[in-house]
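Coordinate inspection notes
Residue strings, one per chain:
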Amino acid sequence: IANRYQQPALVAACILACLRPVSDFLVMLPLTELRSRLQFRRIATVDVGTQVGAACTSIAMASLGAGYLSVLLPNSLANATRCLLYRRKGALPPTGPRWVPSEWKYLSRGFLISGIGQYVHGGTVYATPLIIGWFSDEQNVGWYSMAYLLSASINQVISVSIGGVLQPVFTHMEGDRNRQSAAFLRATSVTVAVAMPLCLMQAGVAE
């Protein structure tokens, strides 16, 4: 990418961008522990605080002329902070049965399939700006990326948040398919009722 755009600084930018998945990985275990205990109020408190801090830091860095660092660095630091705060708030003993090492292979097989699907989906999403950049210019990449982020923001706020709540809730309904189905359909109905009008409003005021 750096060679394509003749911008050597992109090498350092990509290295910094790699901090994000590392911080995401560190967040996974403490977040899972809190979710398994249905501690969503604590999760929301930490998330709001770190997100506001990241936004303010990003604006401050941009105003001081930090350039692309103001976009890449605050989010990675926010995730690392989330990890520390989750661990601090997740000091209760784990719920459920103790971990059995022999379960690793069984869990890995299921996770591998879903993980590959997630990476394929992510690849199709993030390949688009690269293709646009190859055949067009940076400005069109920027326009597309901004439009995509705006259109996906409502889904991110509503659907992903509801999904994060439903996943551990469904585990507490294990074996009761009727309750699981009813809860899923109810959550989907609320998501559609809220998200679709907002998406149409975004389309109306896009210009």
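See the structure shown above.
Thresholds applied
- Residues numbered from 1 in each chain as written.
- Predicted model: local features only at pLDDT ≥ 70, side-chain atom pairs only at ≥ 80, totals over all residues.
- Heavy atoms only, no water.
- Patch = residues over 30% accessible without salt bridge, like charges linked within 9 Å, V, L, I, M, F, W, Y side chains within 5 Å.
- Areas by Shrake-Rupley, 256 points an atom, 1.4 Å probe, with all protein chains shown as cover.
- Salt bridge = Lys/Arg side-chain N within 4 Å of Asp/Glu carboxyl O.
- Helix = DSSP H or I, 4+ residues; strand = E, 2+ residues; numbered from the N terminus.
- Buried < 20%, exposed > 50% of the residue type's maximum accessible area, 1.4 Å probe, protein only.
- Expected span 1.5 Å × (residues − 1).
- Axes fitted to C-alpha atoms, helices over the stretch in contact; angles between N-to-C directions.
- Parallel < 35°, antiparallel > 145°, perpendicular 65-115°, else oblique.
- Contact = heavy atoms within 4.5 Å.
- Nonpolar A, V, L, I, M, F, W, Y, C, P; charged D, E, K, R; others polar.

1. Brief notes about a nonpolar patch on the surface
A grouping of Val22, Phe25, Leu26 and Met28 is seen on the molecular surface, where their side chains present a nonpolar patch of about 410 Å² in accessible area. Here methionine 28 is to be found in helix 3 (residues 19–36). For methionine 28, a relative accessible area of 45% puts it in the partly exposed group.

2. Some points on helix 8 (residues 177–204)
With 28 residues, helix 8 extends 40 Å between its outermost C-alpha atoms, agreeing within 8% with the 40 Å of an ideal straight helix rising 1.5 Å per residue. Among the residues of helix 8, those classed as buried are Gln180, Ala183, Ala187, Thr191 and Ala195.

3. Some thoughts on the packing of helix 2 (residues 9–17) against helix 3
Orientation of helix 2 relative to helix 3, taken along the N-to-C sense of each, is 5°, at an axis distance of 4 Å. Here helix 2 is positioned roughly parallel relative to helix 3, judged by the angle of their axes. Of the residues in helix 3, those in contact with Ile15, Leu16 and Ala17 of helix 2 are Leu19, Arg20 and Pro21. Considered class by class, the residues forming the contact of helix 2 with helix 3 number 5 nonpolar, no polar and 1 charged.

4. Re the environment of alanine 12
With respect to the element layout, alanine 12 can be found in helix 2. The class of alanine 12 is partly exposed, set by a relative accessible area of 35%. It is 41 Å that separates the C-alpha atoms of alanine 12 and serine 102, two residues lying 90 residues apart in sequence.

So, to be careful, I would describe these as geometric facts and stop short of saying anything about function.
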